[in-house]
2 protein chains.
Amino acid sequence: MDLAFVLYPRMTALDLVGPYEVLAHQPGVTAHFVAETTEPVVTDAGLVIVPTTTFAALDRADVIVVPGSSDYEGVLAAGVVARWLREVHPKATWTTSVCTGSTLLADAGVLTGRPATTHWAVRELLGRLGAEVRSERVVRDGDVITAAGVSAGIDMALTLVGLIWGDRVAMASQLAIEYDPEPPYDAGSPESAPPEVVAAVLGKV
Amino acid sequence: MDLAFVLYPRMTALDLVGPYEVLAHQPGVTAHFVAETTEPVVTDAGLVIVPTTTFAALDRADVIVVPGSSDYEGVLAAGVVARWLREVHPKATWTTSVCTGSTLLADAGVLTGRPATTHWAVRELLGRLGAEVRSERVVRDGDVITAAGVSAGIDMALTLVGLIWGDRVAMASQLAIEYDPEPPYDAGSPESAPPEVVAAVLGKV
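Criteria and cut-off values
Residues numbered from 1 in each chain as written. Chains lettered and ligands numbered in written order. Predicted model: local features only at pLDDT ≥ 70, side-chain atom pairs only at ≥ 80, totals over all residues. Heavy atoms only, no water. Pairing = 2+ DSSP bridges. Helix = DSSP H or I, 4+ residues; strand = E, 2+ residues; numbered from the N terminus. UniProt positions renumbered as here; feature names shortened; annotations may be inferred. Buried < 20%, exposed > 50% of the residue type's maximum accessible area, 1.4 Å probe, protein only. Contact = heavy atoms within 4.5 Å. Axes fitted to C-alpha atoms, helices over the stretch in contact; angles between N-to-C directions. Expected span 1.5 Å × (residues − 1). Salt bridge = Lys/Arg side-chain N within 4 Å of Asp/Glu carboxyl O. Buried area = accessible area lost by both parts, 1.4 Å probe. Polar contact = N/O pair within 3.5 Å; in protein donor to acceptor, adjacent residues only side chain to side chain. Nonpolar A, V, L, I, M, F, W, Y, C, P; charged D, E, K, R; others polar.

### Thoughts on the sheet that holds strand β10 (residues 138-141) of chain B
Part 1: Strand order in the open sheet made by the seven strands is β5-β2-β1-β6-β7-β11-β10 (chain B), with mixed pairing throughout. Lying at the two open borders of the sheet, with one neighbouring strand each, are β5 (53-54) and β10 of chain B.

Following this line, the structure appears as structure tokens:
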């Protein structure tokens, strides 16, 4: 089974590495890290990841994982990722996104009229791009699974492992990464965070 | 403020990228990705990360983050990371570990007689290495903070951001990564996972 983890400049590294840690250890998978070129990709805060293949070379995958970026407008404007998605999504078994990666799926026409979720700060934009926006953490619609912001990619990937390999395998993956979360604050959603914290984050997004 | 994210072959990528996503966006920080050489590092399931500096070149940091690996015995035997930790820990403000990275801190003498946590599957080993093992998700003892397995690095990093920059900044970081976890299963700890799932994971660790 071929897994395609999409890379592009300034992407949010955790959007990709959360699902990677859950999916890439499964039996019989081959993890591809695909970008426009094989040049190392500098992600959001300086972490540099090396692609293993290019959009031109990889014309199909069974599972596609598209991460987001705080520079989602720039990535949408570049159009490179969405162009590749238009080609490979029809051949994929599962197409997934994390955070603002959903806007790239939408730009590729994958989410038109379909329920989807995204980072809380870009729900309005995703709606303008044609999706039926939900505020759930993980939304599955047929062969497309979208996740909310950044850390939601872990929940999305565990859900996908359950769908592909079954609940027991997914539970083993959850246990292996000791995913028994204890956030030190109750501030993980705009509904639970103090208003001034929400405003501070919106000022940066 | 200099952040040193330690890299080594077969390390668990999420152990590093969880804390990276929380810490490296803070104001005034410089993120260093330090390894034995500047050659790209192949992590646990194929993700390749490029170091920005070497153990020989980086002789201090304000915050040190040490990830774990399922090959923790090999990493302990190599001794390279522990040797560097013996040099830099005394000069650091905060020394932290995620998952089995705790065994490297212990091997460097950082945890001798101190409370610490680690991946649930290596608690006994950490005790043999001299630490007072706890089963908490995040354990702080003075200037040392240890996290449980893999995903616990996110909770550890948010705790550390609160200690350094305050609760409001930490809550903003939690909201920015939308860390409002909803694991699809209740299997994130050996206490909650079905016995056969625990056995299956132990067979692989």
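### Comments concerning the UniProt feature "domain: DJ-1/PfpI" (unreviewed entry) in chain A
Part 1: The feature "domain: DJ-1/PfpI" (unreviewed entry), as annotated in UniProt, sits at residues 4-161 of chain A in this numbering.
Part 2: Segment residues 4-161 of chain A splits into 32% helix and 22% strand. End C-alpha atoms: 15 Å apart.

### Points about helix α1 (residues 13-23) of chain A
Part 1: Within α1(A), eleven of the eleven residues are buried, which leaves the element mostly enclosed by the surrounding structure.
Part 2: Of the positions making up α1(A), those classed as buried are A:Ala13, A:Leu14, A:Asp15, A:Leu16, A:Val17, A:Gly18, A:Pro19, A:Tyr20, A:Glu21, A:Val22 and A:Leu23.

### As for the sheet that holds strand β5 (residues 53-54) of chain A
Residue and element names in this part refer to chain A.
Part 1: Read from one edge to the other, the open sheet built from seven strands follows the order β5-β2-β1-β6-β7-β11-β10, with strand pairing classed as mixed. Two strands lie at the open edges of the sheet, namely β5 and β10 (138-141), each paired on one side alone.
Part 2: Sheet analysis places β10 next to strand β11 (residues 144-147), joined by four bridges and oriented antiparallel. When the sheet's bridge partners are listed, Asp-141 is paired in β11 with Val-144.
Part 3: Seen against the sheet, α1 touches β1 (2-6), β2 (30-35) and β6 (63-66) and runs at an angle of roughly 165° to β1.

### With respect to the pairing of strand β7 (residues 94-97) of chain A
Strand residues, when the strand is regular, have side chains that alternate between the two faces of the sheet.
Residue and element names in this part refer to chain A.
Part 1: Residues Trp-94 and Thr-96 point to one face of β7 and Thr-95 and Ser-97 to the other, with burial holding for every one of them.
Part 2: Both β6 and β7 contribute to a ladder of four bridges, which runs parallel. Looking at the pairing, Ile-64 lines up with Thr-95 of β7.
Part 3: In terms of strand pairing, β7 meets β11 through three bridges, oriented parallel. When the sheet's bridge partners are listed, Ser-97 is paired in β11 with Thr-146.

### Overview of helix α6 (residues 152-165) of chain A
Residue and element names in this part refer to chain A.
Part 1: A rise of 1.5 Å per residue sets the reference length of α6, with its 14 residues, at 20 Å; its end C-alpha atoms lie 20 Å apart and thus fit the reference within 8%.
Part 2: Among the 14 residues in α6, ten count as buried, and that is most of the element.
Part 3: Two residues or fewer after α6 comes Gly-166, characterised by a positive phi angle close to 100°.

### Observations regarding the pattern of salt bridges
All names here are of chain B.
Part 1: Counting across every chain of the model gives 22 salt bridges over all chains.
Part 2: Residue Arg-10 is joined to Asp-71 by a salt bridge in which the shortest nitrogen-to-oxygen separation is 2.7 Å. Taken together, the positions of Arg-10 in the loop between β1 (2-6) and α1 (13-23) and Asp-71 in the loop between β6 (63-66) and α2 (72-78) put the pair 61 residues apart, joining distant regions of the chain.
Part 3: Of the charged contacts, one joins Arg-137 and Asp-155 as a salt bridge, the two residues approaching to 2.4 Å between their closest N and O atoms. In this pair, Arg-137 is assigned in the loop between β9 (132-133) and β10 and Asp-155 in helix α6 (residues 152-165), connecting sequence segments 18 residues apart. Across the pair, exposure class does not vary: Arg-137 and Asp-155 are buried alike.

### A short note on the interface of chain A and chain B
Part 1: At the interface, 63 residues of chain A touch 63 residues of chain B.
Part 2: When the two sides are added together, the surface that chain A and chain B hide from each other amounts to roughly 5,300 Å², 64% of it contributed by carbon and sulfur.
Part 3: Looking only at chain A, the three residues that lose the most surface to chain B are A:Leu175, A:Glu178 and A:Tyr185, adding up to 15% of its buried area.
Part 4: When the shortest N-O distance is used, the salt bridge between A:Glu196 and B:Arg168 registers 2.7 Å.
Part 5: Viewed at the interface, chain B and chain A are joined by 44 residue pairs in polar contact (both at pLDDT 80 or more).
Part 6: Every element with two or more residues in the side of chain A that touches chain B is listed here: α1, β2, β4 (48-49), α6, α7 (167-176) and α8 (195-204) of chain A.
Part 7: Examining the composition of the side of chain A that touches chain B, we find that eight residues originate from one element, α7(A), more than from any other.
Part 8: Across the side of chain A that touches chain B, the residue classes break down as 37 nonpolar, 14 polar and twelve charged.

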